[in-house]
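# Residue-level structure breakdown
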Amino acid sequence: MNVFTIENCYESTALAPYSGTPLYRGFDSESLAAQQVDQHCLAFDVNGPAARASLWWQHVPQMEQERLGVIGHYAASNDVAAQTLLAHALSVLRSHGCTRAVGPMDGNTWRRYRFVTAPGSEPPFALEPENPPTYPLQWSAAGFAPLAEYSSALTSDLAQPDARIPRTLTRLHEEGVHVRMFDPSRFQEELLAIYTVSAQSFTRNFLYTPLAEADFLQQYRKLKAYIKPELTWMAEVDHQPVGYAFGLPDLAQAQRGVPVNTVIVKTVAVLPARRYAGLGAVLVAQVQNSAHQLGFTRAIHALMYASNNSRNLSAVYAAPMRGYTLYSRRLDG
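Residues numbered from 1 in each chain as written. Predicted model: local features only at pLDDT ≥ 70, side-chain atom pairs only at ≥ 80, totals over all residues. Heavy atoms only, no water.

## Here's the deal with unusual backbone geometry
To be explicit about the condition: Going along the chain from the N terminus, every DSSP run of H or I of four or more residues is numbered as a helix, and every run of E of two or more is numbered as a strand. To sort residues, take the accessible area from a 1.4 Å probe on protein chains only and compare it with the maximum for the residue type: under 20% means buried, over 50% means exposed, and anything in between is partly exposed.
Along the chain, G103 connects to P104 via a cis peptide bond; the corresponding omega equals -5°. In this structure, P104 sits in the loop between β5 (100-103) and β6 (115-118). Positive phi is not limited to glycine here, since D238 has a value of about 55°. Overall, the relative accessible area of 65% leaves D238 in the exposed class. One non-glycine residue, L303, lies in the positive phi region at around 55°.

Shown next as structure tokens:
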């Protein structure tokens, strides 16, 4: 039996000796400092690093009557290493006063989080979390249980009409709502408009945490080369943003060497006011209509929370294709 040891690596430079190992292939060690990681843990066996995780207990989402600790950046090469690492992570979070551990989550919901738990038959799409099927089993064995469920849905009929749209458009026009295509010549201004809507709309989301404007812009600038303006639509009233739908081609198809025929409807957000009821449906329809005109044949409505209104929007067109789970475990009692 392998004997495992734990090493706590707070400084990202501590990962340098291990960056070439399979466990760390593709792992951005510089993100530890940028993402305000409180502790990074490595479990070793005789062959070197066998499991890894980052821990957060200071800058974390809020949950009523709980003090959360977050586990992210998770990977494990075998089940014994996983249990050693997770036991250590739970002990550390408990020692810092956390009452519940949540994960996998790279600090907050603006970053990568959730395990794929119902993979279906479709290959992974761009910007989707991926994991071996063993990871959820490892967390369950460590006493974690599902906290929240999510899904992605697929439609292969982009020309399918939504009978509600014409009437909704008429009402929204009367409210002064104008819908237009993303303007790439004003990229920075468009990102700021998306941030403005997101910062207000997402406050109702499960485990929401505020994100600084500079951090938001940094994340979305990375997507600039992949944005097709016809797939992102903005809604405004008096030139002020009130909603958007953000879509991207599924570049994972190109990486697999197959024709890109799928658009990912990544995010739909509308300001929380009754006058904007139905705007999300209008924006989704516009993305799909534009995608159809560009020659796309499918759309994925990505990573929807089970209790979110986006599930209702998606159900008009799409059928579930994949399921995801966020886990938690109590640390006291």
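Resuming the write-up.
## Regarding helix α8 (residues 279-293)
Operational definition: Helices are assigned an expected span. That span is 1.5 Å times one less than the residue count.
Between its first and last C-alpha atoms α8 spans 21 Å; for 15 residues at 1.5 Å apiece the expected length is 21 Å, and the two agree. Judged by how many residues are buried, α8 sits mostly within the fold: 11 of 15 residues are covered. Regarding α8, the residues found buried are L279, G280, A281, V282, L283, V284, A285, V287, Q288, S290 and A291. Positive backbone phi, at 100°, marks G295, one or two positions downstream of α8.

## Regarding the packing of aromatic side chains
Counted only if it meets this: Pairing of aromatic rings covers Phe, Tyr and Trp, the last through its six-membered ring, and needs centres within 6.5 Å; plane angles under 30 degrees mean stacked, over 60 mean edge-to-face, and all others mean tilted. Put simply, a charge is over a ring when the Lys NZ or the Arg CZ is close to the ring centre, within 6 Å, and near the line of the ring normal, within 35 degrees.
Evaluation of the coordinates by the stated rule reveals 17 aromatic pairs. On the numbers, 5.1 Å between centres and 80° between planes, the contact of Y74 with Y135 is edge-to-face. On the criterion of sequence distance, the pair formed by Y74 in strand β4 (residues 68-76) and Y135 in helix α3 (residues 134-141) is long-range, its members being 61 residues apart. Each member of the pair, Y74 together with Y135, is buried. Each member of the aromatic cluster is reached from another via a ring pair, and the members are W110, Y195, F202, Y208, F216, Y220 and F246. Above the plane of the ring of Y150 lies R114, whose end atom (NZ or CZ) is 4.7 Å from the centre. When the ring centre of F187 is taken as origin, the NZ or CZ atom of K224, which lies over that ring, is 5.0 Å away.

## Overview of the side chain of R100
Under the convention used in this document: The term polar contact refers here to a pair of N or O atoms within 3.5 Å; inside protein, the definition further demands a hydrogen-donor-capable atom paired with an acceptor-capable atom, and it admits residues adjacent in sequence only when both atoms are side-chain atoms. For this analysis, residues touch if any pair of their heavy atoms sits within 4.5 Å.
Along the chain, R100 falls in strand β5. Polar contacts involving the side chain of R100 include one to the side chain of S328, which spans 2.9 Å. Residues in contact with R100, not counting those within four places in the same chain, are M63, E66, R67, L68, G69, S328, R329, R330 and L331.

## Concerning the packing of helix α2 (residues 79-95) against α3
What counts here: Orientation is described by axes fitted as lines to C-alpha atoms, over the contacting stretch for helices, and by angles from 0 to 180 degrees between their N-to-C directions. Roughly parallel covers angles under 35 degrees, roughly antiparallel covers those over 145, roughly perpendicular covers 65 to 115, and oblique covers all other angles. Two helices that cross are described as forming a left-handed crossing if the nearer one is turned anticlockwise from the farther one by less than a right angle, and a right-handed crossing if clockwise. For this classification, the nonpolar set comprises Ala, Val, Leu, Ile, Met, Phe, Trp, Tyr, Cys and Pro, the charged set comprises Asp, Glu, Lys and Arg, and every other residue, Gly included, is treated as polar.
Between α2 and α3, whose axes approach to 10 Å, the crossing angle comes to 50°. Considering the angle they form, α2 stands oblique to α3. For the crossing formed where α2 meets α3, the hand is right-handed. For the pair formed by α2 and α3, the contact residues are D79, A82, Q83 and L86 on the first element and Q138, W139 and A141 on the second. Looking at the contact of α2 with α3 residue by residue, the class counts come to four nonpolar, two polar and one charged.

## Section: the side chain of H40
Examined against the element boundaries, H40 turns out to sit in strand β2 (residues 39-45). Residue classification places H40 among the buried residues on the basis of a relative accessible area of 0%. Engagement of the side chain of H40 in a polar contact is seen with the backbone oxygen of A53, the distance being 3.3 Å.

## A look at the environment of L158
Relative to the helices and strands, L158 resides in the loop between β7 (145-155) and α4 (165-174). Sequence-wise, L158 and R100 are 58 residues apart; in three dimensions their C-alpha atoms are separated by 42 Å. Each residue touching L158, except ones within four places of it in the same chain, is listed here: Q288, N289, A291, H292, F296, T297, R298 and A299.

## With respect to the packing of helix α5 (residues 187-201) against helix α6 (residues 213-221)
Two numbers describe how α5 lies on α6: the axes approach to 10 Å, and their chain directions differ by 120°. One finds that α5 runs oblique with respect to α6. Handedness of the crossing formed by α5 with α6: right-handed. Contacts from F187, Q188, L191, L192, I194, Y195 and S198 in α5 reach E213, F216, L217, Y220 and R221 in α6. In terms of residue class, the contact of α5 with α6 is built from eight nonpolar, two polar and two charged.

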